[in-house]
There are 2 protein chains.
Amino acid sequence: MQKWNCTPFVEVFRAKVFRYLKTTVTSPRTLEKADFDIIQCASWVNVVALDEAGKLILVHQYRAGSDSITIETAAGAINYKEDPLAAAKRELEEETAYTSNEWESLGIVDVNPAIMTNQCYFFLARNCKRNGTLNFDPMEEVETHLYSKDEVRILLKNQKINHSLSVLALMKFFTGF
Amino acid sequence: MQKWNCTPFVEVFRAKVFRYLKTTVTSPRTLEKADFDIIQCASWVNVVALDEAGKLILVHQYRAGSDSITIETAAGAINYKEDPLAAAKRELEEETAYTSNEWESLGIVDVNPAIMTNQCYFFLARNCKRNGTLNFDPMEEVETHLYSKDEVRILLKNQKINHSLSVLALMKFFTGF
């Protein structure tokens, strides 16, 4: 199979957290052309964080997409030209006040290569200490909660943690995949 | 923590595969208001399929978001009022010509509750037979490939399978989470 021919992405609409782009794609199979929708977001970081007692540091917050309070790993968008690890350290501290000197990568995925251009970078932070500074923007309200590993396994089983990228981050941690 | 107050979602723009909606949200913490972006897609299904020899049935296809040929689980959008399991059976057959009589749920996630409204439903199909009918639309080109479980574990480790929802589906299958 060969890559398809896409025209350069053109901006249709710029929203706050994404740009809606279009590209005209030619199918090598049928030679038909069609416009494909593309959603361009910043890439994201997602942090599995453990405190010094080995408890998992998770965040509760209101999410408008699901109109619910969620339980998630600390996460956020990578700023322009920011290093992914630096973004992970910043997001963990801003959301939870925890910091760590022990970071490792848990891998990278394409969020949704069918319609999105961005990646999600997963990190593990061990032996986190609550010695940093919370930094919420006016429209952010995040509560930090500590859970044992067994409690998190049950939250996953019961689908109480259900943001796809938080689930993936925690499964990577638990299973070593 | 309490749910935030959101005004009813209003359509800003309708693309082919999503609607861009806006809601005005009031923070109970600061009482400030701001518009939040919402991306509304159909919910999706994602199928881990095994043939009668226990090989995993995966699909190769061109993806415009990443401009690459990907290796993924069979997947697609649920039609209006379609049952998720019916959608899973339909997508598996349309993309691979395989069908199965042995289906089970591997759970449901919110794709991204921060900005998206939809869910992804995961299914496992065992003992699939290649006795169905491929049904590509003009802009679809999907190749079916069979992989052993060990080969798929290596593809996951090496991040050759990197669509977040395919990775999650396969990890659910391998780990029983």
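This text follows the structure it describes.
Rules of the game
- Residues numbered from 1 in each chain as written.
- Chains lettered and ligands numbered in written order.
- Predicted model: local features only at pLDDT ≥ 70, side-chain atom pairs only at ≥ 80, totals over all residues.
- Heavy atoms only, no water.
- Salt bridge = Lys/Arg side-chain N within 4 Å of Asp/Glu carboxyl O.
- Helix = DSSP H or I, 4+ residues; strand = E, 2+ residues; numbered from the N terminus.
- Axes fitted to C-alpha atoms, helices over the stretch in contact; angles between N-to-C directions.
- Parallel < 35°, antiparallel > 145°, perpendicular 65-115°, else oblique.
- Left-handed = near helix turned anticlockwise from the far one by under 90°.
- Contact = heavy atoms within 4.5 Å.
- Nonpolar A, V, L, I, M, F, W, Y, C, P; charged D, E, K, R; others polar.
- Buried area = accessible area lost by both parts, 1.4 Å probe.
- Polar contact = N/O pair within 3.5 Å; in protein donor to acceptor, adjacent residues only side chain to side chain.

(A) Structural context of the pattern of salt bridges. Using the criterion set out here, one finds 20 salt bridges over all chains in the structure. For R90 of chain A, the salt bridge is made with E82 of chain A, and the minimal N-O distance between the two is 2.7 Å. The salt bridge involving R153 of chain B is made with D150 of chain B; its shortest N-O contact spans 2.8 Å. Taken as a pair, R153 of chain B and D150 of chain B lie in helix α2 (residues 149–157) at a separation of three residues, close to a single helical turn. The network of salt bridges with shared partners includes E82, R90, E91 and E94 of chain A.

(B) Representation of the packing of helix α3 (residues 164–175) of chain A against helix α3 (residues 164–175) of chain B in the model. At a closest axis distance of 10 Å, the pairing of α3 of chain A and α3 of chain B adopts a crossing angle of 45 degrees. Judged on the interaxial angle alone, α3 of chain B and α3 of chain A are oblique. Taken as a pair, α3 of chain A and α3 of chain B cross one another with a handedness that is left-handed. Across from S164, L165, V167, L168, M171, K172 and T175 of chain A in α3 of chain A, the residues of α3 of chain B making contact are S164, L165, V167, L168, M171, K172 and T175 of chain B. Grouping the amino acids of the contact of α3 of chain A with α3 of chain B by side-chain chemistry returns eight nonpolar, four polar and two charged.

(C) Examining the interface of chain B and chain A more closely. The partner chain A presents 75 residues to the 75 residues of chain B that form the contact. Summing the contributions of chain B and of chain A, the shared interface buries around 6500 Å²; its carbon and sulfur component is 67%. Three residues, M1, M139 and F177 of chain B, lead the burial of chain B against chain A; their summed loss comes to 14% of the area buried on that side. Summed over the shared surface of chain B and chain A, the number is two salt bridges. Two residues, K3 of chain A and D67 of chain B, come together in a salt bridge whose shortest N-O distance is 3.2 Å. Connecting chain B to chain A are 32 residue pairs in polar contact (both at pLDDT 80 or more). The biggest single contributor to the side of chain B that touches chain A is α3 of chain B, with eight residues. Here the side of chain B that touches chain A is built from residues that sort into 39 nonpolar, 18 polar and 18 charged.

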